[in-house]
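One letter stands for each residue in the lines below.
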Amino acid sequence: MKTTKQLGIWMDHSIAHITELKNEETLITTVVAQVEEEEKIPNPLDESRIQNKAQNQLSDYFNRLIEVIKTYDYVLLFGPTNAKTELFNLLKADRHFENINIEVRSTDRMTQNQQLVYLKDYFIRL
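Each value, and the rule that gives it
- Residues numbered from 1 in each chain as written.
- Predicted model: local features only at pLDDT ≥ 70, side-chain atom pairs only at ≥ 80, totals over all residues.
- Heavy atoms only, no water.
- Helix = DSSP H or I, 4+ residues; strand = E, 2+ residues; numbered from the N terminus.
- Buried < 20%, exposed > 50% of the residue type's maximum accessible area, 1.4 Å probe, protein only.
- Areas by Shrake-Rupley, 256 points an atom, 1.4 Å probe, with all protein chains shown as cover.
- Phe/Tyr/Trp six-rings, centres within 6.5 Å; stacked < 30°, edge-to-face > 60°.
- Lys NZ or Arg CZ within 6 Å of the ring centre and 35° of its normal.
- Pairing = 2+ DSSP bridges.
- Salt bridge = Lys/Arg side-chain N within 4 Å of Asp/Glu carboxyl O.
- Contact = heavy atoms within 4.5 Å.
- Polar contact = N/O pair within 3.5 Å; in protein donor to acceptor, adjacent residues only side chain to side chain.

Novice: Just to check I follow, could you spell out the overall build of the protein chain for this structure?
Specialist: In terms of helices and strands, the protein chain carries three helices and five strands. The helix and strand sequence of the protein chain, counted from the amino end, reads β-β-β-α-β-α-β-α. Burial analysis of the protein chain (126 residues in total) assigns 33% to the buried set. In the form shown here, the protein chain has an accessible surface area of approximately 8,300 Å², with 48% of it arising from carbon and sulfur atoms.

Novice: I keep staring at the packing of aromatic side chains and nothing clicks. Help me out?
Specialist: We describe a pair of aromatic rings using the distance from one ring centre to the other and the angle between the two ring planes. Throughout the structure, instances matching the rule amount to three aromatic pairs. Summarising the aromatic geometry, the rings of Y122 and F123 are spaced 4.9 Å apart at their centres and angled 75 degrees between planes, so their arrangement reads as edge-to-face. Among the residues examined, Y122 registers a relative accessible area of 7% and is labelled buried. Above the ring of Y72, the side-chain terminus of K5 is found at 5.1 Å from the ring centroid.

Novice: Which parts of the structure should I look at to understand the pairing of strand β5 (residues 101–106)?
Specialist: Put simply, side chains in a regular strand alternate between the two faces of the sheet. One ladder, built from six bridges, connects strand β4 (residues 74–79) with β5; its direction is parallel. In the sheet register, V75 faces β5, and the bridge partner there is I102.

Novice: Help me understand the pattern of salt bridges in this model?
Specialist: Pairing of side chains with opposite charge becomes possible as their charged atoms draw close. On inspection of all chains with the given rule, the structure shows four salt bridges. For E67, the salt bridge goes to K70, with nearest N and O atoms at 2.9 Å. In this structure E67 comes out as partly exposed when scored by relative accessible area, which is 49%. Here R105 ties to E103 by a salt bridge, and the two come within 2.8 Å at their closest N and O atoms. Residue R105 is classed as partly exposed on the basis of its relative accessible area, which comes to 29%. E103 sits in the partly exposed class, given a relative accessible area of 27%.

Novice: I would appreciate a short explanation of the environment of L77 in the present structure.
Specialist: Within the secondary structure layout, L77 lies in strand β4. In this structure, the C-alpha to C-alpha distance between L77 and L7, residues 70 residues apart in sequence, is 8.6 Å. Apart from residues no more than four positions distant in its own chain, L77 is found in contact with I9, I69, K84, L87, F88, L91, I102, E103, V104 and R105.

Novice: Teacher, can you tell me more about the side chain of E20 here?
Specialist: Relative to the helices and strands, E20 is located in strand β2 (residues 15–22). A distance of 3.3 Å separates polar atoms of two side chains, one belonging to E20 and the other to Y72. Sequence-distant contacts of E20, defined by excluding residues within four places in its chain, comprise Q6, L7, E25, T26, L27 and Y72.

The following block contains the structure:
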């Protein structure tokens, strides 16, 4: 019998708490977006450059999460912002993820213990 690989990612635009549920074991890792503080815009022409830099940093953050997701069967993306939906849309556009069951849920900010309880309740229903 194949072991189902389950992953939960609580995320916003600055941090992702990745929780792998494997039998009775739990592995939690954190991915931090490398987003620099907003710069003061001395020249309106620099605004586009700053926006491009921020978009590239967000893209890098999502790509690091995508690499993690590749090897799982079930993934729950949850959290308080629309970052989870943005990532979900990227995953759905990529055919490599069509065999992975991915769901998105809105939640409030949570402690790591609350995240773990939420994930266990979610995955027990599968």
